[in-house]
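# Fold and geometry: a report
Chain by chain, the residues run as shown.
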Amino acid sequence: MALVAPERLSRFLSYLLRHQPRDYPLRFDSQGFVQRGDLVEMVQGRFPEVTEEDILEVVEGSDKKRFELREGKVRATYGHSFPVDLGLDSVEPPESLYHGTARDLAESILREGLKPRGRQYVHLSPSVEDAIAVGRRRDPSPAILVIDSQKAHASGIRFFRTGPLFLTKEIPVKFLSLWEK
Ligand code: HQG
(Lines give C-alpha, C1' and ligand atoms only; values in the text may rest on other atoms or scores of the structure.)
Protein backbone atom coordinates (compact mmCIF):
# COMPACT_ATOMS: atom_id res chain seq x y z
CA MET A 1 0.00 0.00 0.00
CA ALA A 2 1.56 3.28 -1.13
CA LEU A 3 2.14 5.89 1.57
CA VAL A 4 1.71 8.70 -0.91
CA ALA A 5 -1.84 9.03 -2.22
CA PRO A 6 -2.10 8.33 -5.96
CA GLU A 7 -3.67 11.74 -6.51
CA ARG A 8 -0.72 13.46 -4.89
CA LEU A 9 1.66 11.43 -7.00
CA SER A 10 -0.32 12.24 -10.13
CA ARG A 11 -0.18 15.96 -9.34
CA PHE A 12 3.56 15.76 -8.79
CA LEU A 13 4.08 13.88 -12.07
CA SER A 14 1.95 16.48 -13.87
CA TYR A 15 4.05 19.24 -12.34
CA LEU A 16 7.32 17.61 -13.41
CA LEU A 17 6.24 16.64 -16.91
CA ARG A 18 4.13 19.68 -17.83
CA HIS A 19 6.24 22.47 -16.42
CA GLN A 20 9.92 21.44 -16.43
CA PRO A 21 10.44 22.96 -12.97
CA ARG A 22 13.96 24.21 -12.36
CA ASP A 23 14.09 22.51 -8.95
CA TYR A 24 13.60 19.09 -10.53
CA PRO A 25 15.79 19.01 -13.63
CA LEU A 26 14.89 16.23 -16.07
CA ARG A 27 16.14 15.74 -19.62
CA PHE A 28 13.22 16.22 -22.04
CA ASP A 29 13.31 15.31 -25.72
CA SER A 30 11.56 17.56 -28.26
CA GLN A 31 8.34 15.55 -27.87
CA GLY A 32 8.28 16.06 -24.12
CA PHE A 33 9.43 12.56 -23.14
CA VAL A 34 11.82 11.76 -20.28
CA GLN A 35 13.50 8.44 -19.58
CA ARG A 36 11.31 6.38 -17.27
CA GLY A 37 14.29 5.56 -14.99
CA ASP A 38 15.17 9.27 -14.65
CA LEU A 39 11.57 10.06 -13.72
CA VAL A 40 11.45 7.30 -11.11
CA GLU A 41 14.71 8.54 -9.60
CA MET A 42 13.40 12.12 -9.47
CA VAL A 43 10.12 11.11 -7.82
CA GLN A 44 11.92 8.92 -5.29
CA GLY A 45 14.17 11.87 -4.43
CA ARG A 46 11.02 13.71 -3.36
CA PHE A 47 9.01 10.73 -2.02
CA PRO A 48 11.54 8.02 -1.01
CA GLU A 49 8.81 5.54 -0.05
CA VAL A 50 7.26 5.47 -3.53
CA THR A 51 8.08 2.44 -5.68
CA GLU A 52 8.49 2.26 -9.45
CA GLU A 53 5.29 0.20 -9.47
CA ASP A 54 3.35 2.97 -7.69
CA ILE A 55 4.53 5.44 -10.32
CA LEU A 56 3.64 3.18 -13.25
CA GLU A 57 0.21 2.56 -11.76
CA VAL A 58 -0.47 6.29 -11.77
CA VAL A 59 1.04 6.76 -15.24
CA GLU A 60 -0.99 3.96 -16.79
CA GLY A 61 -4.13 4.24 -14.67
CA SER A 62 -4.78 7.97 -15.05
CA ASP A 63 -8.53 8.51 -15.56
CA LYS A 64 -7.83 11.42 -17.90
CA LYS A 65 -4.94 9.70 -19.72
CA ARG A 66 -2.64 12.44 -18.47
CA PHE A 67 0.51 10.44 -19.21
CA GLU A 68 1.89 8.33 -22.00
CA LEU A 69 4.48 5.57 -21.66
CA ARG A 70 6.29 4.73 -24.90
CA GLU A 71 9.51 2.77 -25.43
CA GLY A 72 10.76 3.25 -21.90
CA LYS A 73 9.95 6.95 -21.89
CA VAL A 74 7.13 8.91 -20.24
CA ARG A 75 5.48 12.23 -21.06
CA ALA A 76 2.43 14.32 -20.18
CA THR A 77 -0.24 14.16 -22.88
CA TYR A 78 -1.40 17.77 -22.40
CA GLY A 79 -1.05 20.83 -20.19
CA HIS A 80 2.54 21.78 -21.09
CA SER A 81 3.76 25.25 -20.30
CA PHE A 82 7.00 24.77 -22.28
CA PRO A 83 7.19 24.35 -26.07
CA VAL A 84 6.75 20.73 -27.02
CA ASP A 85 6.09 18.90 -30.28
CA LEU A 86 3.40 16.40 -29.33
CA GLY A 87 3.55 14.98 -32.87
CA LEU A 88 -0.24 14.81 -33.10
CA ASP A 89 -2.09 14.81 -36.42
CA SER A 90 -4.84 17.38 -36.69
CA VAL A 91 -8.35 15.92 -36.58
CA GLU A 92 -11.79 16.98 -37.70
CA PRO A 93 -13.53 18.05 -34.49
CA PRO A 94 -17.17 17.38 -33.60
CA GLU A 95 -19.66 20.11 -34.41
CA SER A 96 -19.23 21.70 -30.97
CA LEU A 97 -16.67 21.57 -28.21
CA TYR A 98 -16.88 23.09 -24.71
CA HIS A 99 -14.66 25.03 -22.33
CA GLY A 100 -15.44 25.35 -18.62
CA THR A 101 -14.02 28.30 -16.74
CA ALA A 102 -14.70 30.77 -13.94
CA ARG A 103 -17.67 33.08 -14.47
CA ASP A 104 -15.49 36.15 -14.00
CA LEU A 105 -13.22 35.13 -16.93
CA ALA A 106 -16.05 34.63 -19.43
CA GLU A 107 -16.37 38.32 -20.27
CA SER A 108 -12.69 38.65 -21.14
CA ILE A 109 -12.80 35.43 -23.19
CA LEU A 110 -15.82 36.67 -25.15
CA ARG A 111 -13.92 39.90 -25.81
CA GLU A 112 -10.44 38.50 -26.67
CA GLY A 113 -11.08 34.90 -27.65
CA LEU A 114 -9.81 31.76 -25.91
CA LYS A 115 -6.03 31.95 -25.36
CA PRO A 116 -3.62 29.33 -24.02
CA ARG A 117 -2.41 31.70 -21.29
CA GLY A 118 0.41 29.93 -19.42
CA ARG A 119 0.21 26.77 -21.54
CA GLN A 120 0.97 25.80 -25.14
CA TYR A 121 -2.65 25.04 -26.07
CA VAL A 122 -6.23 25.83 -25.20
CA HIS A 123 -7.88 22.72 -23.71
CA LEU A 124 -11.40 21.84 -24.87
CA SER A 125 -13.84 19.18 -23.69
CA PRO A 126 -16.06 17.01 -25.91
CA SER A 127 -19.09 17.30 -23.58
CA VAL A 128 -20.76 19.91 -21.39
CA GLU A 129 -20.41 17.54 -18.42
CA ASP A 130 -16.63 17.31 -18.83
CA ALA A 131 -16.39 21.08 -19.26
CA ILE A 132 -18.38 21.62 -16.05
CA ALA A 133 -15.91 19.35 -14.20
CA VAL A 134 -12.96 21.38 -15.59
CA GLY A 135 -14.64 24.68 -14.73
CA ARG A 136 -15.41 23.56 -11.17
CA ARG A 137 -11.67 23.69 -10.43
CA ARG A 138 -12.09 27.46 -10.57
CA ASP A 139 -15.71 28.18 -9.78
CA PRO A 140 -18.46 26.13 -8.08
CA SER A 141 -20.86 27.37 -10.73
CA PRO A 142 -18.64 27.70 -13.81
CA ALA A 143 -19.30 29.44 -17.10
CA ILE A 144 -19.37 27.09 -20.09
CA LEU A 145 -18.35 28.35 -23.51
CA VAL A 146 -19.52 26.59 -26.65
CA ILE A 147 -16.99 26.45 -29.47
CA ASP A 148 -18.37 26.26 -32.99
CA SER A 149 -15.55 23.85 -33.74
CA GLN A 150 -16.63 22.62 -37.13
CA LYS A 151 -16.86 26.18 -38.45
CA ALA A 152 -13.52 27.03 -36.82
CA HIS A 153 -11.98 23.96 -38.47
CA ALA A 154 -13.46 24.92 -41.84
CA SER A 155 -11.82 28.35 -41.46
CA GLY A 156 -8.39 26.69 -41.06
CA ILE A 157 -8.02 26.34 -37.28
CA ARG A 158 -6.38 23.02 -36.41
CA PHE A 159 -7.59 20.72 -33.62
CA PHE A 160 -5.69 17.87 -31.99
CA ARG A 161 -6.97 15.02 -29.88
CA THR A 162 -5.14 13.85 -26.77
CA GLY A 163 -6.52 11.80 -23.91
CA PRO A 164 -10.10 12.94 -23.33
CA LEU A 165 -9.43 16.47 -24.58
CA PHE A 166 -9.10 18.46 -27.76
CA LEU A 167 -6.27 20.96 -28.09
CA THR A 168 -6.02 24.03 -30.28
CA LYS A 169 -3.81 27.09 -30.37
CA GLU A 170 -6.48 29.77 -30.00
CA ILE A 171 -10.20 30.29 -30.65
CA PRO A 172 -11.31 33.68 -31.99
CA VAL A 173 -14.41 35.30 -30.52
CA LYS A 174 -16.56 34.70 -33.59
CA PHE A 175 -16.59 30.95 -32.88
CA LEU A 176 -17.56 31.34 -29.20
CA SER A 177 -20.86 31.62 -27.38
CA LEU A 178 -22.05 31.17 -23.84
CA TRP A 179 -23.81 27.88 -23.10
CA GLU A 180 -27.17 28.25 -21.41
CA LYS A 181 -28.79 25.41 -19.51
C1 HQG B 1 -8.56 31.10 -19.16
C2 HQG B 1 -6.84 20.17 -16.14
C3 HQG B 1 -9.24 35.41 -19.58
C4 HQG B 1 -9.21 29.76 -19.37
C5 HQG B 1 -8.24 20.52 -16.54
C6 HQG B 1 -8.64 28.98 -18.21
C7 HQG B 1 -8.19 20.63 -18.03
C8 HQG B 1 -8.79 33.30 -20.33
C9 HQG B 1 -7.27 29.61 -18.01
C10 HQG B 1 -6.75 21.04 -18.30
C11 HQG B 1 -8.73 33.75 -21.67
C12 HQG B 1 -6.14 28.72 -18.44
C13 HQG B 1 -6.62 22.46 -18.75
C14 HQG B 1 -8.96 35.13 -21.91
C15 HQG B 1 -8.40 31.62 -21.67
N16 HQG B 1 -9.21 35.93 -20.84
N17 HQG B 1 -9.04 34.11 -19.29
N18 HQG B 1 -8.94 35.66 -23.14
N19 HQG B 1 -8.49 32.69 -22.48
N20 HQG B 1 -8.57 31.97 -20.37
O21 HQG B 1 -5.35 25.56 -16.46
O22 HQG B 1 -8.63 24.61 -19.58
O23 HQG B 1 -6.74 17.56 -14.12
O24 HQG B 1 -4.28 26.40 -18.61
O25 HQG B 1 -10.64 29.84 -19.31
O26 HQG B 1 -9.19 19.61 -16.07
O27 HQG B 1 -8.58 25.34 -17.12
O28 HQG B 1 -4.73 18.98 -14.56
O29 HQG B 1 -6.58 25.55 -18.69
O30 HQG B 1 -9.41 29.16 -17.05
O31 HQG B 1 -8.54 19.47 -18.67
O32 HQG B 1 -5.14 16.88 -15.86
O33 HQG B 1 -7.23 30.80 -18.81
O34 HQG B 1 -6.05 20.88 -17.06
O35 HQG B 1 -6.56 18.81 -16.26
O36 HQG B 1 -6.06 27.69 -17.47
O37 HQG B 1 -7.32 23.33 -17.86
P38 HQG B 1 -5.47 26.27 -17.76
P39 HQG B 1 -7.89 24.75 -18.30
P40 HQG B 1 -5.75 18.01 -15.14
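Source: prediction; values computed, not measured. (Residues numbered from 1 in each chain as written. Predicted model: local features only at pLDDT ≥ 70, side-chain atom pairs only at ≥ 80, totals over all residues. Heavy atoms only, no water.)

### Focus on the overall build of the protein
Counting its regular elements, the protein contains 6 helices and 10 strands. Taking 2.2 N^0.38 as the reference for a compact globule, 181 residues should give roughly 16 Å; the C-alpha atoms of the protein span a radius of gyration of 17 Å, in line with that estimate. Counting only C-alpha atoms and orienting by the principal axes, one finds that the protein spans roughly 50 × 35 × 25 Å. Evaluated residue by residue, the protein yields a buried proportion of 45% over its 181 residues. Intrachain contacts of the protein at a sequence separation of at least 6 include 72% that bridge at least 24 residues. Of the roughly 10300 Å² of accessible surface on the protein, a fraction of 46% belongs to carbon and sulfur atoms. (Helix = DSSP H or I, 4+ residues; strand = E, 2+ residues; numbered from the N terminus. Rg over C-alpha atoms; globule rule 2.2 N^0.38 Å. Buried < 20%, exposed > 50% of the residue type's maximum accessible area, 1.4 Å probe, protein only. Contact = heavy atoms within 4.5 Å. Areas by Shrake-Rupley, 256 points an atom, 1.4 Å probe, with all protein chains shown as cover.)

### A short note on the pattern of salt bridges
Going through the model one piece at a time under the given rule, you end up with 10 salt bridges. Of the charged contacts, one joins arginine 75 and glutamate 68 as a salt bridge, the two residues approaching to 2.9 Å between their closest N and O atoms. Of the two residues, arginine 75 and glutamate 68, neither departs from the other in class, the shared state being buried. Connected via shared salt-bridge partners are Glu68, Arg70 and Arg75. (Salt bridge = Lys/Arg side-chain N within 4 Å of Asp/Glu carboxyl O.)

### With respect to helix 1 (residues 6-19)
The end-to-end C-alpha distance of helix 1, which contains 14 residues, comes to 19 Å, matching closely the 20 Å that a straight helix rising 1.5 Å per residue would cover. Of the surrounding secondary structure, the elements contacted by the buried residues of helix 1 are strand 1 (34-35), helix 2 (36-46), helix 3 (52-61), strand 2 (67-70) and strand 3 (73-76). Following helix 1 by one or two positions, glutamine 20 has its phi on the positive side, about 45°. (Expected span 1.5 Å × (residues − 1).)

### Some details on the sheet that holds strand 3
Overall, antiparallel pairing links the 3 strands, which are arranged 1-3-2 in an open sheet. For this open sheet the edge positions go to strand 1 and strand 2, each flanked by a neighbour on one side alone. By the bridge criterion, 2 bridges tie strand 1 to strand 3 in an arrangement that is antiparallel. The residue bridging glutamine 35 from the neighbouring strand is lysine 73, located in strand 3. Across the sheet, helix 3 lies against strand 2 and strand 3, angled at about 110° from strand 2, the strand it touches most. (Pairing = 2+ DSSP bridges. Axes fitted to C-alpha atoms, helices over the stretch in contact; angles between N-to-C directions.)

### Focus on the environment of glycine 100
Here glycine 100 is to be found in strand 5 (residues 97-101). Between the C-alpha atom of glycine 100 and that of valine 146, which follows or precedes it by 46 residues, the distance is 9.1 Å. Ignoring any residue separated from it by four or fewer positions in sequence, one finds glycine 100 in contact with Ala131, Val134, Gly135, Ala143 and Ile144.

### Side note on the domain arrangement of the protein
Under the domain assignment used here, the protein contains domain 1 (6-76) and domain 2 (90-178). Computed from C-alpha atoms alone, the centre-to-centre distance between domain 1 and domain 2 is 27 Å. Counting from both sides, the interface comprises 4 residues of domain 1 and, opposite them, 4 residues of domain 2. Here domain 1 and domain 2 share 0 salt bridges between them. At the junction of domain 1 with domain 2, the criterion picks out 0 residue pairs in polar contact (both at pLDDT 80 or more). Across the side of domain 1 that touches domain 2, the residue classes break down as no nonpolar, 1 polar and 3 charged. (Domains from an automatic or database assignment. Polar contact = N/O pair within 3.5 Å; in protein donor to acceptor, adjacent residues only side chain to side chain. Nonpolar A, V, L, I, M, F, W, Y, C, P; charged D, E, K, R; others polar.)

### A short note on the layout of surface pockets
When its volume is computed, the largest pocket comes out at roughly 1000 Å³. Contributing to the lining of the largest pocket are 34 residues, with Arg119, His123, Val134, Arg137 and Arg138 lying nearest its centre. For the lining of the largest pocket, the elements supplying multiple residues, two or more each, are helix 1, strand 5, helix 4 (103-112), strand 6 (122-124) and helix 5 (128-135). It is helix 1 that provides the largest number of residues to the lining of the largest pocket, a total of 5 residues. Grouping the constituent residues of the lining of the largest pocket by class yields 12 nonpolar, 10 polar and 12 charged. (1 Å grid on protein atoms, 1.4 Å probe; cavity = no way out; pocket = protein on both sides within 12 Å on 5 of 7 lines; lining within 4 Å. Points joined across faces, edges and corners; volume = space filled by probe spheres on them.)

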